[in-house]
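Results of the structural survey
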Amino acid sequence: MLGGHFTVSHDVDDDLRTYGLVSRGFKGGGFNPGTAVPMDRRSYDPEYLWNFEVGVKGDWLNKRLTSNTSIFYDLRRDQQIKLGVQNDPSDPLSFTYLTDNAQSGTTSGMETELNWEATGRLSLMASTGLLFTSLDQLPEELADLEGRETSHSPTWQFATGARYSLTEAIFTRVDVTGKDSFYFDDGNNQKSSAYALVNAAVGWSSGDWSVTVWGHNILDRSYAVRGFYFGQEPPDFQNKRYIQRGNPAQFGVTATVQF
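Residues numbered from 1 in each chain as written. Predicted model: local features only at pLDDT ≥ 70, side-chain atom pairs only at ≥ 80, totals over all residues. Heavy atoms only, no water.

1. A look at the overall build of the protein chain
For clarity, the cut-off: Elements are defined by DSSP. Helices are runs of H or I of four residues or more, strands are runs of E of two residues or more, and each kind is numbered from the N terminus. To get the radius of gyration, use the C-alpha atoms; to get the globule rule, take the number of residues to the power 0.38 and multiply by 2.2 Å. Buried, partly exposed and exposed residues are distinguished by accessible area as a fraction of the type maximum, computed with a 1.4 Å probe on protein chains only: under 20%, between the cut-offs, and over 50%, respectively. By definition, residues are in contact when any of their heavy atoms lie within 4.5 Å. Accessible surface is estimated by sampling points in the Shrake-Rupley manner with a 1.4 Å probe; for residues, cover comes only from the protein chains shown. His is not counted, nor are the chain ends, whereas Lys and Arg count as positive and Asp and Glu as negative. For the purpose of locating charges, the reference atoms are NZ of Lys, CZ of Arg, CG of Asp and CD of Glu.
What the protein chain contains, in helices and strands, is zero helices and 17 strands. Over its C-alpha atoms the protein chain spans a radius of gyration of 23 Å, topping by over 25% the 18 Å that the globule rule assigns to 259 residues. Judged by the C-alpha coordinates and their principal axes, the protein chain covers about 65 × 50 × 35 Å. Counting every position in the protein chain, which comprises 259 residues, the buried fraction comes to 32%. Expressed as a percentage of contacts within the protein chain between residues at least 6 apart in sequence, the contacts between residues at least 24 apart total 55%. Total accessible area on the protein chain is roughly 15600 Å²; 55% of this is exposed by carbon and sulfur atoms. For the protein chain, the centre of its 22 positive side-chain charges and the centre of its 32 negative side-chain charges are spaced 4 Å apart.

Right, here's the structure in full:
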């Protein structure tokens, strides 16, 4: 398993840099433990990834505005995928997760990040990402999923936020994060829904002390982070989707002292 990277960068001027890189990474193979795992799936192979990327970084307005944009293409070989197998349809406890290999997969996309010190008190940030993935040459029982997106790979994601200093000691912050729908698993077509979450905070700092009152998902949005699809309920144990939801609205206080 060999990996490495080669990067070339060019400073167009004092405020703008372009770059390109080629890298090769890997993820080690391993074993699927458990007596219920079929003999031909006891082990899985290493995965290899070739990454090609170009990008541009810059700052303007006396370094008050900074940006970072990249475009990438990844070629995956022997891509490791997660599968769920119910060994006995009448026994919901006989459910086994294992790792297998697809022959190949591709990933491409773009990421952009902006940070702007709008005034001495107001800072703004925004980032977005586009992601396009494909699973190719899957195991025989998953052939109907070939060409589908990889699990947990939303097509778009974003984050935007603002921080405002009311005084030198007191600040407020609001941010919104969101992502597109995504497949829960490489072995079925169950998907989440797209969602966006709002977070906020008010803080005070003086010397070595700081206190922040914060809220996560303050609108109490219900959203799914994991999903499962198997037979669990008697008498007929038909396949059904089960959802693991993300955290509901949370509020707290954090105090910090440095010494």
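Structure's up, so let's keep going.
2. As for a nonpolar patch on the surface
For the record, the criterion: Exposure above 30% relative accessible area and no salt bridge define the residues that can form patches, which grow by joining like charges within 9 Å and nonpolar side chains of Val, Leu, Ile, Met, Phe, Trp and Tyr within 5 Å. We count a salt bridge whenever a side-chain nitrogen from Lys or Arg sits within 4 Å of a carboxyl oxygen from Asp or Glu.
Residues Tyr-164, Leu-166, Ile-170, Val-202, Trp-204, Trp-209, Val-257 and Phe-259 make up a contiguous nonpolar surface patch of roughly 860 Å² in combined accessible area. Of note, Val-257 is situated in strand E17 (residues 250–257). Residue Val-257 is classed as partly exposed on the basis of its relative accessible area of 36%.

3. Section: unusual backbone geometry
At Lys-63, a residue that is not glycine, the phi angle is positive and equals roughly 65 degrees. Its place among the elements puts Lys-63 in the loop between strand E5 (47–60) and strand E6 (65–77). Look at Lys-63 and you get exposed, because its relative accessible area is 55%. Here Asp-78, not a glycine, exhibits a phi torsion of approximately 55 degrees, which is positive.

4. Thoughts on the sheet that holds E5
Rules: At least two DSSP bridges between two strands are required for those strands to pair. To obtain an axis, a line is fitted to C-alpha atoms, over the contacting stretch when the element is a helix, and the angle between two such axes runs from 0 to 180 degrees between their N-to-C directions.
Spatial ordering of the open sheet is given by E1-E2-E5-E6-E9-E10-E11-E12-E13-E14-E17, a layout of eleven strands whose pairing is antiparallel. The open sheet has two edge strands with one neighbour each: strand E1 (4–13) and E17. Neighbouring strand axes in the sheet, compared pairwise and without regard to direction, differ in orientation by 10 degrees on average. As defined by bridge partners, strand E13 (residues 195–206) adjoins strand E14 (residues 209–216) across seven bridges and the pair is classed as antiparallel. Bridged to Ala-201 within E14 is Trp-214.

5. Observations regarding the packing of aromatic side chains
Test applied: Any two rings among Phe, Tyr and Trp, with Trp reduced to its six-membered ring, count as a pair given centres within 6.5 Å; such a pair is stacked if its planes are under 30 degrees apart, edge-to-face if over 60, and tilted if neither. Here, a charge over a ring is recorded when the distance from Lys NZ or Arg CZ to the ring centre is within 6 Å and its angle to the ring normal is within 35 degrees.
Taken as a whole and assessed by the stated rule, the structure comprises three aromatic pairs. Taking the ring centre of Tyr-19 as reference, the NZ or CZ of Lys-57 above it sits at 5.6 Å. Geometry around Phe-171 places Arg-163 over its ring, the cationic atom sitting 3.9 Å from the centre.

6. Digging into the pattern of salt bridges
Counted according to the given criterion, the structure contains three salt bridges. A salt bridge links Arg-17 to Asp-11; the nearest nitrogen and oxygen atoms lie 2.6 Å apart. Overall, Asp-11 belongs to the partly exposed group, its relative accessible area being 44%. A salt bridge links Glu-47 to Arg-76; the nearest nitrogen and oxygen atoms lie 2.6 Å apart. Pair noted here: Glu-47 is in strand E5 and Arg-76 is in strand E6, with a separation of 29 residues, a long-range link. In this structure Arg-76 comes out as buried when scored by relative accessible area, which is 17%.

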